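Take a look at the letters that make up each chain.
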Amino acid sequence: MHGLMGTEDAHFAECRRWWSQSVTEIRLPGHGIEERGIPAHPAAAAIERVRKTITEQSEPPVVVGLSYLGAAVVFRAAEKAPAEVGGVVMSGYSFLVSGDTLNRWLTGFTGMAARQGPARRHFERLHGEKWERLLTTTFDELSDGCLRLPDLDDLRRSAVPVQLVNGALLQNERQAITPAATAGADVAVVAGAGHVVPMDAPRVFAAGVEEFADRVEAGRTTWHERRRAAARAAPADPVRDDTRDDDTRDRDRDRDSDSDKAQDRAENHATEEGAHV
């Protein structure tokens, strides 16, 4: 899934010749000149669109989301149906960014788009005359909490493997890598790439996503290894321990009872022997 105010053609077209596995591209609701209307709740509609696409796959897919909108949408979609998802790739994202910070960025972005003629023409070409309303509606939904950005706590609780792929050219996204790795994500920093890695380094991005998908299938991600380590470190199940203790006590009682009976038989036999003498 592409990012805010983009399309799959704008953000992923350069990756298409590099994919070696099947890829299904998903458009954010309201984006693109072909989509005439804007849903009342575009983020919720986007999550449902991703979930529907997931269920249509023959096996659990790795879902990929770009930038703060696309990445948050695929993460939340996977969160709602973890058994149906192999893993999640998020790119151009930081788990450290708060909603307030994103709101400031979007406010600046909206002002820039309104003032600059080239930006206006670009968005009109991509989305038609509705582009300003699309931007405002998405901004409002992020501001009022309808779509909460995944943070490090969400990452730690993730029920599926997650990979974060960021470009090296933006400081805040480069600095987001270490905290994400500490919280359990697989991570990659792409040299020479900025916020939109699939556009800046399409071959590297496609190869990285497919390599992650292969490791998900093989169970060789950070998420898998942490689960194995937790299982090794976990104490034995107390319920099962109690069961084993009960079984042991039962066996001990049986052995004691058998021993008592054998001793009684031996004493009776000795008494009978003495009587005969």
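About the cut-offs
- Residues numbered from 1 in each chain as written.
- Predicted model: local features only at pLDDT ≥ 70, side-chain atom pairs only at ≥ 80, totals over all residues.
- Heavy atoms only, no water.
- Helix = DSSP H or I, 4+ residues; strand = E, 2+ residues; numbered from the N terminus.
- Buried < 20%, exposed > 50% of the residue type's maximum accessible area, 1.4 Å probe, protein only.
- Areas by Shrake-Rupley, 256 points an atom, 1.4 Å probe, with all protein chains shown as cover.
- Phe/Tyr/Trp six-rings, centres within 6.5 Å; stacked < 30°, edge-to-face > 60°.
- Right-handed = clockwise from strand over helix to strand, strands pointing away.
- 1 Å grid on protein atoms, 1.4 Å probe; cavity = no way out; pocket = protein on both sides within 12 Å on 5 of 7 lines; lining within 4 Å.
- Points joined across faces, edges and corners; volume = space filled by probe spheres on them.
- Salt bridge = Lys/Arg side-chain N within 4 Å of Asp/Glu carboxyl O.
- Expected span 1.5 Å × (residues − 1).
- Nonpolar A, V, L, I, M, F, W, Y, C, P; charged D, E, K, R; others polar.

1. With respect to the overall build of the protein
Phase 1 of the analysis: Along the backbone of the protein there are 13 helices and four strands.
Phase 2 of the analysis: The burial tally for the protein puts 42% of its 277 residues in the buried class.
Phase 3 of the analysis: About 15,200 Å² of surface is accessible on the protein, with carbon and sulfur atoms providing 50% of the total.

2. Some details on the packing of aromatic side chains
Phase 1 of the analysis: With the rule as written, the count across this model stands at four aromatic pairs.
Phase 2 of the analysis: Three or more aromatic residues joined by ring pairs make a cluster, and in this case those are Tyr68, Tyr93 and Phe95.

3. Considerations on the pairing of strand E1 (residues 62–66)
Phase 1 of the analysis: Of all five residues in E1, four are buried; the element is thus mostly enclosed.
Phase 2 of the analysis: Crossover E1 to strand E2 (residues 87–91) through helix H3 (residues 67–80) is right-handed.

4. A short note on empty space enclosed by the protein
Summary: where empty space remains is shown by rolling a probe the size of a single water molecule over the atoms.
Phase 1 of the analysis: Under the counting rule described, the total for this entry stands at one cavity of 30 Å³ or more.
Phase 2 of the analysis: Contributing to the lining of the largest cavity are Leu28, Pro29, His31, Pro42, Ala43, Ala46, Leu69, Thr138 and Glu141.
Phase 3 of the analysis: Only helix H2 (42–55) and helix H6 (131–143) provide two or more residues apiece to the lining of the largest cavity.
Phase 4 of the analysis: If you tally residues by element for the lining of the largest cavity, the top one is H2, at three residues.

5. Description of the pattern of salt bridges
Phase 1 of the analysis: What the rule picks out here adds up to 17 salt bridges.
Phase 2 of the analysis: A salt bridge links Arg27 to Glu8; its shortest N-O distance comes to 2.9 Å. Of this pair, Arg27 sits in the loop between helix H1 (8–12) and H2 while Glu8 sits in helix H1, and the two are 19 residues apart along the sequence. No difference in accessibility class separates Arg27 from Glu8, as the two residues are buried.
Phase 3 of the analysis: The residue Arg148 makes a salt bridge to Asp151 at a minimum N-O spacing of 3.8 Å.
Phase 4 of the analysis: On the accessibility criterion, Arg148 (44% relative accessible area) is partly exposed.
Phase 5 of the analysis: By relative accessible area, Asp151 is classed as partly exposed at 28%.
Phase 6 of the analysis: It is possible to trace a salt-bridge network through shared partners that takes in Arg76, Glu79, Arg148, Asp151, Asp154 and Arg157.

6. Remarks on unusual backbone geometry
Phase 1 of the analysis: Unusually for a residue other than glycine, Met5 sits at a positive phi of about 65°.
Phase 2 of the analysis: The backbone phi angle of Ser67 is positive, close to 65°, even though this residue is not glycine.
Phase 3 of the analysis: Here Ser67 is to be found in helix H3.
Phase 4 of the analysis: For Ser67, a relative accessible area of 14% translates into the label buried.

7. Some words on helix H11 (residues 202–218)
Phase 1 of the analysis: The first and last C-alpha atoms of H11 sit 24 Å apart over 17 residues, in line with the 24 Å expected at 1.5 Å per residue.
Phase 2 of the analysis: Residues of H11 that are buried include every one of Pro202, Phe205, Ala206, Val209, Glu210, Phe212, Ala213, Arg215 and Val216, and no others.

8. Re the layout of surface pockets
Phase 1 of the analysis: Roughly 810 Å³ of internal volume is contained in the largest pocket.
Phase 2 of the analysis: Taken together, 30 residues form the lining of the largest pocket, with Ser22, Val23, Pro61, Val62 and Val63 sitting closest to its centre.
Phase 3 of the analysis: Contributions of two or more residues to the lining of the largest pocket are made by H1, H2, E1 and H11.
Phase 4 of the analysis: Tallied by class, the residues present in the lining of the largest pocket amount to 17 nonpolar, seven polar and six charged.
Phase 5 of the analysis: Here the second largest pocket is characterised by a volume of approximately 420 Å³.
Phase 6 of the analysis: Taken together, 20 residues form the lining of the second largest pocket, with Leu4, Ser67, Leu106, Phe109 and His195 sitting closest to its centre.
Phase 7 of the analysis: Among the elements of the structure, H1, H3, helix H4 (99–115) and helix H5 (117–127) are those that each provide at least two residues to the lining of the second largest pocket.
Phase 8 of the analysis: No other element matches the four residues that H4 contributes to the lining of the second largest pocket.
Phase 9 of the analysis: Per-class residue counts for the lining of the second largest pocket are 14 nonpolar, six polar and no charged.

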